[in-house]
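Each chain, letter by letter, is given below.
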Amino acid sequence: MKIVLAADPFALSLKNAIVAHLKKEGHEILDYGASEGKEIPYYESAVAACRAMQKGEATRGILICGTGMGMSMIANRFKGVRAAVVESVFAAKMCRAINDANVLCLGGMIWGDWMANEAVDVFLKTNLADGLEDLAGFLNQAAKIVDAIKD
């Protein structure tokens, strides 16, 4: 799977752990964020990653900053991007199963490498209504309504 990824300087070590994990799993990474010696703030890297999502360069994204919240706030300003900041593996699963999120936002100050990789794995493997088949009709309809909401 092609995955857009971006991190700010507060989240470089977590980003590096996630990138290594994803590459080991065979995923292709498009990195729009900071790296060693290249500081890019969250409000710039999130924009670049979300624009790439809008162009269809990837179907999923992972954005990482200090708390994940700044990335999420910016990402959700982009049409077609449904970003969720999560602080548990369960929430990473449910943001896909319930809300059909296509961007996972994590906090480098919050997550350890191992648990973050677990959250990333479940986020990438879960589809809308997985484990909630009795609610599939409602969840599919809700996802369409949410996508149609405009300011």
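The structure we're discussing is the one just above.
As the structure is a prediction and not an experimental result, all values here were calculated from the model.

Looking at the side chain of Arg-82
- By the secondary structure assignment, Arg-82 is in the loop between helix H3 (69–75) and strand S4 (83–85).
- From its side chain, Arg-82 meets the backbone oxygen of Asp-100 in a polar contact 2.8 Å long.
- Sequence-distant contacts of Arg-82, that is, excluding residues within four places in its chain, are made with Asn-76, Asn-99, Asp-100, Ala-101, Asn-102, Val-103 and Asp-147.

Thoughts on the side chain of Asp-100
- Considering the arrangement of structural elements, one finds Asp-100 in the loop between helix H4 (89–97) and strand S5 (103–107).
- The contact partners of Asp-100, leaving out residues within four places of it in the chain, are Arg-82, Cys-95 and Leu-128.

Some points on the packing of helix H1 (residues 12–24) against helix H5 (residues 113–125)
- Where H1 contacts H5, the axes come no closer than 10 Å and their chain directions differ by 50 degrees. As summarised for this structure, H1 and H5 are arranged oblique, according to the angle between their axes. Relative to H5, H1 is oriented so that their crossing is right-handed. Here H1 contributes Ser-13, Leu-14, Ala-17, Ile-18, His-21 and Leu-22 to the contact with H5, which in turn contributes Asp-113, Ala-116, Asn-117, Val-120, Asp-121 and Leu-124.
- Here the contact of H1 with H5 is built from residues that sort into seven nonpolar, three polar and two charged.

Details of the nonpolar core
- Ile-18, Leu-22, Ile-62 and Leu-106 are the most contacted members of the largest nonpolar core, which totals 25 residues.
- Among the secondary structure elements, those contributing two or more residues to this core are strand S1 (2–7), H1, strand S3 (60–65), H4, S5 and H5.
- Of the residues forming this core, the biggest block, six residues, is contributed by H5.
- With residues near it in sequence (within four places) discarded, Leu-22 still touches Ile-3, Leu-5, His-27, Ile-29, Ile-62, Val-120 and Leu-124.
- In this structure, Ala-6, Val-47, Ala-58 and Cys-105 belong to the second largest nonpolar core, which totals 20 residues.

Criteria and cut-off values
- Residues numbered from 1 in each chain as written.
- Predicted model: local features only at pLDDT ≥ 70, side-chain atom pairs only at ≥ 80, totals over all residues.
- Heavy atoms only, no water.
- Helix = DSSP H or I, 4+ residues; strand = E, 2+ residues; numbered from the N terminus.
- Polar contact = N/O pair within 3.5 Å; in protein donor to acceptor, adjacent residues only side chain to side chain.
- Contact = heavy atoms within 4.5 Å.
- Axes fitted to C-alpha atoms, helices over the stretch in contact; angles between N-to-C directions.
- Parallel < 35°, antiparallel > 145°, perpendicular 65-115°, else oblique.
- Left-handed = near helix turned anticlockwise from the far one by under 90°.
- Nonpolar A, V, L, I, M, F, W, Y, C, P; charged D, E, K, R; others polar.
- Core = buried A, V, L, I, M, F, W, Y, C linked by side-chain atoms within 4.5 Å.
- Buried < 20%, exposed > 50% of the residue type's maximum accessible area, 1.4 Å probe, protein only.

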